[in-house]
Structures are given as structure tokens and as C-alpha cells.
Amino acid sequence: MRYLVFGTGAVGGLMGARLALAGNDVTFLARPRVAQALKENGLKLIEASHTAVLPNVSTALDFDSALQFSKPDLILLCVKAYDCAEAVGMIARFLTDPIPVLSMLNGINNEATLGESLGADHIIPGTLTTAVEMSEPGVVRVARRRGVGIAGDHPMATNIVSEFSEAGFHTEHYEDPDRMKWSKLMTNIVSNATSAITGLHPGQVFAHPGLARLEIDALRETARIMRRLGFTPQNLPGVSVALLGRAIYLPMALTRHLLGRIVARGRGQKKPSLHYDIGRGKSEVGWLNGAVVRYGTRLGIATPVNEALHQTMRALVEDQSLHATFLGNPEALLARAYPSRL
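Everything numeric in this text was worked out from a predicted model, so none of it was measured.

Visitor: Could you clarify how one ought to interpret unusual backbone geometry in this entry?
Guide: Most peptide bonds adopt trans geometry, and most residues besides glycine take a negative phi value. In this structure, N109 is a non-glycine residue whose phi angle is positive, near 85 degrees. By the secondary structure assignment, N109 is in the loop between β7 (101–103) and α5 (110–118). Note on N109: relative accessible area 29%, which makes it partly exposed.

Visitor: When you look at the pattern of salt bridges in this model, what are you seeing that I'm missing?
Guide: Oppositely charged side chains are able to pair whenever their charged atoms sit close together. In this structure the tally under the stated criterion is 10 salt bridges. Put simply, R145 and E47 hold a salt bridge, and the shortest N to O gap is 3.8 Å. Of the two residues, R145 sits in the loop between β10 (139–144) and β11 (148–151) while E47 sits in strand β3 (residues 43–47), which places them 98 residues apart along the sequence. Its relative accessible area of 53% is what places R145 among the exposed residues. The class for E47 is buried, based on a relative accessible area of 14%. In this structure, K282 engages D83 in a salt bridge whose closest nitrogen and oxygen atoms are separated by 3.7 Å. Here K282 is found in the loop between α12 (252–267) and α13 (289–299), whereas its partner D83 is found in the loop between β6 (74–77) and α4 (84–94), with 199 residues between them in sequence. Among the ionic contacts, a cluster of salt bridges with common partners joins R18, E47 and R145.

Visitor: Hey, could you run me through the nonpolar core in this one?
Guide: One recurring pattern in soluble globular proteins: nonpolar side chains tend to sit buried together. Grouped together as the largest cluster of nonpolar side chains are 52 residues, with contacts concentrated most on W182 and M313. Looking at which element gives the most residues to this core, the answer is helix α10 (residues 209–229), with nine residues. If we skip the residues at most four places from it in the chain, W182 touches I108, T222, I225, M226, L229, F231, A291, V292 and Y295. Grouped together as the second largest cluster of nonpolar side chains are 38 residues, V26, L74, V142 and I160 included.

Visitor: Can you walk me through helix α6 (residues 157–166) in this structure?
Guide: Owing to its 3.6 residues per turn, the α-helix aligns residues three or four sequence positions apart on the same side. Of all the residues in α6, the buried ones are A157, I160, V161, E163 and F164. Positive phi shows up at G168, right after α6, with a value of about 100 degrees.

What counts and how
Sequence order as written defines residue numbering, which begins from 1 separately in each chain. Side-chain atom pairs in this predicted model are given and counted only at pLDDT of 80 or more, local residue features only at pLDDT of at least 70, and totals for whole chains, interfaces and linings cover all residues. Calculated side-chain values reflect all of the structure's heavy atoms, with hydrogen atoms and water omitted. To qualify as a helix, a DSSP run of H or I must reach at least 4 residues; to qualify as a strand, a run of E must reach at least 2; elements of each kind are numbered from the N terminus. Three labels apply to residues, based on accessible area from a 1.4 Å probe with only protein chains included: buried if under 20% of the type maximum, exposed if over 50%, partly exposed otherwise in between. Definition used for salt bridges: Asp or Glu carboxyl oxygen within 4 Å of a side-chain nitrogen of Lys or Arg. Take the buried Ala, Val, Leu, Ile, Met, Phe, Trp, Tyr and Cys residues and link them wherever side-chain atoms come within 4.5 Å; each set so joined is a nonpolar core. Here a residue-residue contact requires only that any non-hydrogen atoms of the pair lie within 4.5 Å.

This is how it looks when you write it as C-alpha cells:
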């Protein structure tokens, strides 16, 4: 198939590189700095001790130009959740004939946003569990290899699973897109906002009794939302989310020990994704902890911990100077999450 990668960051870079190296026609829509690096040096993919370089990368700076290379069979949408509305506006403006969009965005309700403008039957929900980063423009580094989930009954789903598997991804198909997306959300919120707010790495978060309880309570609130929606957490490629869904109801000391080991092994001292949102004026937290809060309000389920994490992150996103209040000071965050305990 012919692919257009819309958003050449870590996720788009990884997916596009693997697909291109497997012989597929891939065009990368990228910001100027990344596009220039791709033109000059190609796209470098580093996995464990192996490095692959994709030379002669087809790049474009805007969606209209990208379509001039060749009309894609599938658009891989790999932008941040807060850029979803802008991206869908661009796609709708320049496309006369619909092209299926594989939504690789984190969080909840992005597919609904896409479907409103492009048609729900043209949207394919996806998720990536592989830990990856773009360490510098044009250089994609895989930290932990896991896989890709494709959900729903779109006619292209089977072909996508096949081509992704041939490109080296552990790829699985899921019947229920909502269950897949909410299961991924559980992995996204673990020690993300808390770590970003306090400046502590995930291992330190779970070493602190109060913060460990806060993390577990946030996950329990999420699990209650999922149960009310009619499903339970399910495993994703390389990630035992179903086990996580059960572990959060074990005795607190045991849960803290298990999650601390799992999270520390999976993320180590790597900064969480939300850390990079502080002071930038926009954040994915609204589609993560914020989504839990919105659904809790709609369903009549209390979500005070996710509310505290969401509101605190939003404040730091808008005003970086407030960060000093919380850095290395777990009690400041705990006071917001559990005011009645003071």
C-alpha cells in the first residue's frame, strides 16, 4: 500500500520507517526542522544494537504538497491529541475523495473528532505500545519493543494487520475500538501526570506511599468508568493491561510493590510524555486524565484524583512558574488530591 505519515515525530517516524524498509511507498509530512534532517541525512531507526537508515525519504511540509507525490491508500495520523482538530481540518480541506485514516493518537474521543468531519466509516482506530522517542530530528530510537493494535471492522483492517506484521510489528486486531483505546489510556496515565508535576521519575513515585496511593486511586477511577461503559481492561501488544486492571484491587502494599516494579522496569528514569507539555500552552492531559473526569461527570462516577491531576497539569501547562511549588514536593500535589485528609 501507499502510506502518508501525517506527523513525523517518534511514532510516525517509527511506523513510516518500518513500512518503507519493508518495501512500501511512504511519504512523510513533517515540520521544517524534521523535514530538513530527513532530506539531508535520511531517517535513522535505532533498535537495540541495530541501526537502519532510510535514505531518499519522500517528505512534504504541508498536506497539499504531500498529495502531489502519490495519492495514499492510507493516512497514518500520528500527531498529538491537541493537534487532532487542526489535522482533520487540513485533511478535509484538501481531500476531494475520502482516504481511510488510521488514528494512532493517544487518549479518548479523537476518533469521534475525525469521524465528524471525515465520516466515521473512514476512521480506523489504532494504538502503539512500543516505547519510542525521536532523540533528535530524523533519529528515532526504540526504547522497548512491543507492538501495534488495530481495532474495528473497517474493510482495510485485515490488510493493515498483514502489512504491519510484514514490516516487523507485533500487530493484533481488536473487535472493540473503545475497549482498546481505554485500555491504552490506562497505560498512558500511569505515573505520567504525577511524575511530570513532581519532577520525580516513576520509580520514585511508587516509592512514595502517598503518591503510590494517588496513582492506584487514579487507575481505580478509570477502571470504574470502563466497567460502567461495559468492558474491562484488555491486554495490548506486549502489555498486560488486563493484569494491571486486576492488580489495582489487591491490597495496597502489594499493588504498590507490583506496579512499582513494572513501571520502573518499563520506563526507568525516562521523563513522562506530559513533562514536555509544562509551559507550552497545550497538553494531551485533557484527553487522558481529563477524559476520565468528563466521562465520570457524564456517568455519575466520582473522579477526584484524576480531576486533581488534570487541573494541576493544566495550570502548569499555562504557567511554568507554578512548577516550583510541586517539584520535589509530593505533599503539595497530595493536598490537592485529598483535601479532606488535611
